Amino acid sequence: MAPPQQPATETCLVPAGLYLTGPQGDLQERALKTAVRFDASPVTAARYTRFLKELRPDGMSEWDHPDQPAGVTHTPWSKRLRDLDFYSDARWAEYPAICVSWWSAYAFASFDGKRLPTSLEWEAAARGADGRPFPWGTTPDLTAANCADQWAGRPLATYEQWRDAVRSGELTEARATPATDRPKNRSPFGIIGMVGNAWEWTSTVIEETDEAILCGGAYDTSLHAVRASLKGTYSRRGQSNAVTFRCVQNA
């Protein structure tokens, strides 16, 4: 079934070529064999809401992954959402779509005529060909990314400082903000918001644990960690207020 026509989304081209990847002390050159066109910003609540209107009564869709487990629904888990009106109130329309599982992100991307990026594509898009640690360059900038330091009101330069901030409740109010509200947080290709604010799903899967790789960090990650090379893993069924996604297509 063909997806309904969607409003045009701004995209940015990431050329094929060689890219420096990995942590700054252990950079490795890897080849991106095919040019990829990235959505300029993460999928927003408004975009995901259009997908929700196309779901079947059981919460599934015509665009599901062929291996999607039984019982998976694309309706965000209301008990996990911090704001129950997140997908119904227009005030959240430009915030990144959150509490979306990997299976749901895959289905939305198919619905939109696109796909999820691989973790290599994501990192190349975030840091460019020069291996910069942050999308905007080489210097940490507290105004560029929504991260834990801002919510704590102090630098969290070490793991111990971040841990203490979590334990003391300094990050209780931390949350995602609108997808494009940090214009400095822009990669060399013009892609917005690739570190901090919310982790992003990739199509790279660890089959043994049924997890997928996340990239970029979130609002509760400290500034020294929200680098273009930052990766984590999360259950493909997982739904979190700190996880979103963006779509890509081959150029």
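Now for a look at the structure at hand. Worth saying up front: this structure is predicted, and the values here are computed from it rather than measured. (Residues numbered from 1 in each chain as written. Predicted model: local features only at pLDDT ≥ 70, side-chain atom pairs only at ≥ 80, totals over all residues. Heavy atoms only, no water.)

1. Let's talk about the pairing of strand S5 (residues 199-206)
- In terms of strand pairing, S5 meets strand S8 (residues 243-244) through 2 bridges, oriented parallel. Counterpart to Trp-199 in the pairing with S8 is Val-243.
- Pairing of S5 with strand S6 (residues 211-215) involves 4 bridges; the strand directions are antiparallel. The residue bridging Glu-200 from the neighbouring strand is Cys-215, located in S6.
- Where S5 folds back on S6, the antiparallel hairpin that results is connected by 4 residues, among which Asp-210 adopts a positive phi of roughly 55°. (Pairing = 2+ DSSP bridges. Helix = DSSP H or I, 4+ residues; strand = E, 2+ residues; numbered from the N terminus.)

2. Some remarks on the packing of helix H1 (residues 45-52) against helix H2 (residues 102-111)
- Running from N to C, H1 and H2 cross one another at 85°; their axes reach a closest spacing of 10 Å. When the axis of H1 is compared with that of H2, the two are roughly perpendicular. Here Arg-47, Tyr-48, Arg-50 and Phe-51 of H1 come into contact with H2, specifically with Ser-104, Ala-107, Phe-108 and Phe-111.
- For the contact of H1 with H2, a count of residues per class yields 5 nonpolar, 1 polar and 2 charged. (Axes fitted to C-alpha atoms, helices over the stretch in contact; angles between N-to-C directions. Parallel < 35°, antiparallel > 145°, perpendicular 65-115°, else oblique. Contact = heavy atoms within 4.5 Å. Nonpolar A, V, L, I, M, F, W, Y, C, P; charged D, E, K, R; others polar.)

3. Description of the sheet that holds S5
- Pairing is mixed in the open sheet, where 4 strands are placed in the order S7-S6-S5-S8. The open sheet is flanked by strand S7 (231-235) and S8, the only strands paired with a single partner.
- Here H2 sits on the sheet and contacts S5 and S6; the angle it forms with S5, its principal contact strand, is near 95°.
- Against the sheet, helix H3 (residues 119-127) contacts S5, S6 and S7, and its axis sits at roughly 145° relative to S5.

4. What about the environment of Ala-70?
- Note that Ala-70 resides in the loop between H1 and H2.
- Given the relative accessible area of 72%, Ala-70 is considered exposed.
- For Ala-70 and Met-60, which are 10 residues apart along the polypeptide, the C-alpha to C-alpha distance reads 9.9 Å. (Buried < 20%, exposed > 50% of the residue type's maximum accessible area, 1.4 Å probe, protein only.)

5. Re the environment of Ser-240
- Its place among the elements puts Ser-240 in the loop between S7 and S8.
- Sequence separation between Ser-240 and Trp-77 is 163 residues, and the spatial gap between their C-alpha atoms is 9.2 Å.
- Each residue touching Ser-240, except ones within four places of it in the same chain, is listed here: Arg-80, Ile-98, Cys-99 and Tyr-234.
- Here Ala-242 takes part through its backbone nitrogen, which lies 2.9 Å from a polar atom of the side chain of Ser-240. (Polar contact = N/O pair within 3.5 Å; in protein donor to acceptor, adjacent residues only side chain to side chain.)

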